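For reference, the chains in residue letters:
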Number of protein chains: 2
Amino acid sequence: MSGTDHSLAHTPQPQPAFVLVGPQMGENIGAAARAMWNFGLDRLRLVAPRDGWPNPRAVAMASGAAKVIDGARVFASTDEALNDLTYTYATTARPRDLTKTVFTPEAALADARARVAKGEQVGLLFGPERAGLANEDVVRANAIITVPVNPAFASLNLAQCVLLCAYEWGQGVFEADPIATSGKAVPASGVEITALRDHLESRLEDVGFFWPEDKRASMIENLRNLISRLDLTDADVRTLHGIVRALSKPPAGR
Amino acid sequence: MSGTDHSLAHTPQPQPAFVLVGPQMGENIGAAARAMWNFGLDRLRLVAPRDGWPNPRAVAMASGAAKVIDGARVFASTDEALNDLTYTYATTARPRDLTKTVFTPEAALADARARVAKGEQVGLLFGPERAGLANEDVVRANAIITVPVNPAFASLNLAQCVLLCAYEWGQGVFEADPIATSGKAVPASGVEITALRDHLESRLEDVGFFWPEDKRASMIENLRNLISRLDLTDADVRTLHGIVRALSKPPAGR
């Protein structure tokens with residue numbers, strides 16, 4: 001160990017382990033690792049990967065998420081992979097005739113966050129590509145995660161299922177305002193809006209826009225209402241002043 | 001048109017259009033179609049797909065979601081693809097220095113659901129695989145969608161971005177209880193729990209389990225508390241009666 005960790009990508013905070021049970025294609029293990037790391041998850045466990053381990057195809061597919069692949073722990077059985085975990089969720093597409101709590105991914109990862117915050121060791125289980133988890137692995141888990149999908153077409157693959165669960169984990173970690181505003185916008189003040197309105201109205205007055213006279217009041221009202229609805233920034237106001245000036249300039253040579 | 005629509009997969013309800021701008025690989029168009037159809041979305045629009053249209057690779061990749069590919073509409077420009085839409089969201093990974101509302105996928109698709117319910121024509125724009133949307137396409141949209149990801153590794157591909165947006169749409173359509181119970185569980189009634197407790201205690205009494213005498217009361221209290229915490233079903237209770245009986249039977253031949 002060197003004295004200093006220069007990795008910006010280090011994630012010391014506790015997090016769930018993602019356990020791939022009997023994954024078949026190395027490419028899918030790599031894609032799962034990428035999906036995890038997109039949301040800051042790097043604790044990958046593999047139970048009896050079909051093509052052995054390490055797997056060069058997993059490495060190639062993972063590219064930027066190599067640290068997840070390099071840190072993967074391999075186990076011979078599901079029981080061994082879960083030995084140190086205190087609460088586990090089995091992802092399943094089909095309903096199983098087992099008495100178990102079934103979470104949506106959103107509810108499951110919120111539950112996982114609460115457990116992790118209390119110091120629990122949490123894991124999510126994902127089955128092999130074709131068959132999904134065997135019933136004995138589902139039985140071993142404390143709860144089930146099922147993604148609500150189109151009943152006419154429920155064909156999420158392994159990496160997609162990992163992605164949706166990792167994304168829901170990330171919802172609580174890489175917090176973003178649900179609705180924000182990009183750019184360096186400064187909302188226009190009332191005085192700026194009034195000045196713009198007066199500028200526009202005076203130029204329109206000049207060209208006889210408010211006509212006939214009996215429509216004048218309602219035309220002005222509509223125009224002012226339109227301006228208020230625009231939610232303008234101070235930069236917008238400057239732009240619009242320029243446009244009004246440019247449009248109302250007499251054509252060159254007149 | 002035949003007289004009857006036999007397709008169970010028909011989705012008559014209004015929904016947003018997913019607009020892929022300048023997609024490059026047919027495989028990615030197919031994967032996007034699959035991701036959409038997993039969540040009941042089938043309105044795919046393509047702006048100037050690099051390899052022309054139709055694209056056999058898109059068809060091969062889409063497999064079960066062929067109807068999305070078959071129904072795809074192709075446009076020469078982003079403007080044409082958006083002509084009939086009243087509100088559009090541009091998906092971007094990078095922040096842009098534009099004054100625009102930035103939604104998370106969850107908030108954006110909730111907003112989209114509300115707009116669609118009011119009869120608006122809504123669309124989501126997705127850029128080409130490498131570069132993402134050009135600024136001019138982002139400017140054209142009413143708002144931005146950005147997935148909150150690990151800042152050290154933000155590498156969602158086209159189909160993954162489509163999947164997350166489609167998933168968030170599906171959250172409002174394929175409603176599932178966030179937390180439910182699978183199987184045909186019937187919770188055990190109080191009388192069943194009491195009978196089980198009495199059965200277990202009497203067998204433990206027989207074998208002198210509650211010993212020494214001064215610990216007896218607290219041992220019984222702990223045991224009863226444990227039984228109450230188990231949240232047993234009526235089937236569990238039958239199983240446990242069987243176990244207690246089996247364990248307390250004298251060994252054969254004694």
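Scroll up for the structure.
These notes cover the structure that comes with them.

What counts as what
- Residues numbered from 1 in each chain as written.
- Chains lettered and ligands numbered in written order.
- Predicted model: local features only at pLDDT ≥ 70, side-chain atom pairs only at ≥ 80, totals over all residues.
- Heavy atoms only, no water.
- Helix = DSSP H or I, 4+ residues; strand = E, 2+ residues; numbered from the N terminus.
- Expected span 1.5 Å × (residues − 1).
- Buried < 20%, exposed > 50% of the residue type's maximum accessible area, 1.4 Å probe, protein only.
- Contact = heavy atoms within 4.5 Å.
- Least-squares fit on C-alpha atoms with pLDDT ≥ 70 in both.
- Buried area = accessible area lost by both parts, 1.4 Å probe.
- Salt bridge = Lys/Arg side-chain N within 4 Å of Asp/Glu carboxyl O.
- Polar contact = N/O pair within 3.5 Å; in protein donor to acceptor, adjacent residues only side chain to side chain.
- Nonpolar A, V, L, I, M, F, W, Y, C, P; charged D, E, K, R; others polar.
- Pairing = 2+ DSSP bridges.

With that settled, consider helix 1 (residues 26-38) of chain B. In this model helix 1 of chain B runs 19 Å from its N-terminal to its C-terminal C-alpha over 13 residues, within 8% of the 18 Å that 1.5 Å per residue would give. For helix 1 of chain B, a buried count of 11 out of 13 residues is recorded, marking the element as mostly surrounded by other parts of the structure. For helix 1 of chain B, the full list of buried residues reads Gly 26, Ile 29, Gly 30, Ala 31, Ala 32, Ala 33, Arg 34, Ala 35, Met 36, Trp 37 and Asn 38 of chain B. The inward-facing, buried residues of helix 1 of chain B contact helix 7 (158-171) of chain A together with strand 1 (17-21), strand 2 (44-47), helix 2 (56-62), helix 3 (66-70) and helix 7 (158-171) of chain B. The first or second residue beyond helix 1 of chain B is Gly 40 of chain B, which carries a positive phi of 80°.

This part is about the relation of the copies chain B and chain A. For the match of chain B to chain A, the screw axis carries a shift of 0.0 Å, the RMSD comes to 0.1 Å, and the turn is 180°. On this basis, the relationship between the two copies can be described by a two-fold rotation axis. By residue overlap, the copies meet face to face through one surface: 100% of the interface positions of chain B are interface positions in chain A.

Facing the 50 residues of chain B at the interface are 50 residues of chain A. A buried area of about 4000 Å², summed over both sides, lies between chain B and chain A, and 57% of it is on carbon and sulfur atoms. The three residues of chain B that bury the most area against chain A are Asn 38, Phe 153 and Tyr 167 of chain B, which together make up 16% of that side's buried surface. For the interface between chain B and chain A, the tally reads zero salt bridges. One can count 16 residue pairs in polar contact (both at pLDDT 80 or more) joining chain B with chain A. Listing elements by their share of the side of chain B that touches chain A, those giving two or more residues are helix 1, strand 5 (100-103), helix 5 (105-117), helix 7 and strand 8 (179-182) of chain B. Of all the elements, helix 7 of chain B adds the most residues to the side of chain B that touches chain A, at six residues. The class makeup of the residues in the side of chain B that touches chain A is 28 nonpolar, 14 polar and eight charged. Bridging between strand 8 (residues 179-182) of chain A and strand 5 of chain B involves four bridges; their strand directions are antiparallel. What sits directly across from Thr 181 of chain A, in strand 5 of chain B, is Thr 101 of chain B.

Within a regular beta strand, the side chains point alternately toward one face of the sheet and then the other, so they alternate between its two faces. Residues and elements named next belong to chain A. By the criterion of burial, strand 4 (residues 87-91) is predominantly enclosed, with five of the five residues buried. Across the two faces of strand 4 the burial is the same, with Tyr 87, Tyr 89 and Thr 91 and Thr 88 and Ala 90 all buried. By the bridge criterion, four bridges tie strand 4 to strand 6 (residues 122-126) in an arrangement that is parallel. Residue pairing across strands places Tyr 87 opposite Val 122, the latter belonging to strand 6. By the bridge criterion, three bridges tie strand 4 to strand 7 (residues 143-145) in an arrangement that is parallel.

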